[in-house]
Amino acid sequence: PPLRDLLVAATDLEALRENTLDFDDDIKRVDGFMDDVRQPALVMQGEGDKLVAPQYAQAIAGALPRAKLVMIDGGHMFLITQPTRVAAQIKALEKR
């Protein structure tokens with residue numbers, strides 16, 4: 001089977017469907033030094049992500065001075081379901 005199918009099958013999405021992860025403490029820990037990062041950064045999140053709330057991607061992108069936030073069609077597994085779109089964003093980052 002294709003790698004994508006194997007990765008999706010290995011993830012128990014049903015078990016995660018009703019849960020949302022809380023990263024408030026993690027964001028607070030790293031927020032204090034993220035303004036020191038001077039490299040361009042790309043923060044991506046699936047628009048339909050039910051596991052991680054958009055506020056976390058927004059907080060990370062907001063704390064990094066040269067970050068770009070991109071919301072990708074799909075859910076938490078957008079890296080697998082939208083590889084072409086993800087690759088295009090990464091290529092664009094290389095040019096910044």
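Basis of the calculations
- Residues numbered from 1 in each chain as written.
- Predicted model: local features only at pLDDT ≥ 70, side-chain atom pairs only at ≥ 80, totals over all residues.
- Heavy atoms only, no water.
- Core = buried A, V, L, I, M, F, W, Y, C linked by side-chain atoms within 4.5 Å.
- Buried < 20%, exposed > 50% of the residue type's maximum accessible area, 1.4 Å probe, protein only.
- Helix = DSSP H or I, 4+ residues; strand = E, 2+ residues; numbered from the N terminus.
- Lys, Arg positive; Asp, Glu negative; His and termini not counted.
- Salt bridge = Lys/Arg side-chain N within 4 Å of Asp/Glu carboxyl O.
- Polar contact = N/O pair within 3.5 Å; in protein donor to acceptor, adjacent residues only side chain to side chain.
- Contact = heavy atoms within 4.5 Å.

Chemist: Report on the nonpolar core, specifying residues and quantitative values.
Modeler: By size, the foremost hydrophobic cluster in this structure holds seven residues: Met34, Ala41, Val43, Ala57, Ala61, Ala63 and Leu64. For this core, the elements supplying multiple residues, two or more each, are strand 1 (41-46) and helix 4 (54-63). The element contributing the most residues to this core is helix 4, with three residues. Among the nonpolar cores identified, the runner-up in size contains five residues, and Met44, Ile72, Phe78 and Val86 belong to it.

Chemist: Could you give me a rundown of the side chain of Asp49, with the residues and numbers involved?
Modeler: Positionally, Asp49 belongs in the loop between strand 1 and helix 4. Within the buried set, Asp49 has no salt-bridge partner at all; the shortest N-O distance to an opposite charge, 8.4 Å, is to Lys50. There is a polar contact of 2.7 Å between the side chain of Asp49 and the backbone nitrogen of Leu51. In this view, Asp49 contacts Gly74, Gly75 and His76; residues no more than four positions away in its chain are not counted.

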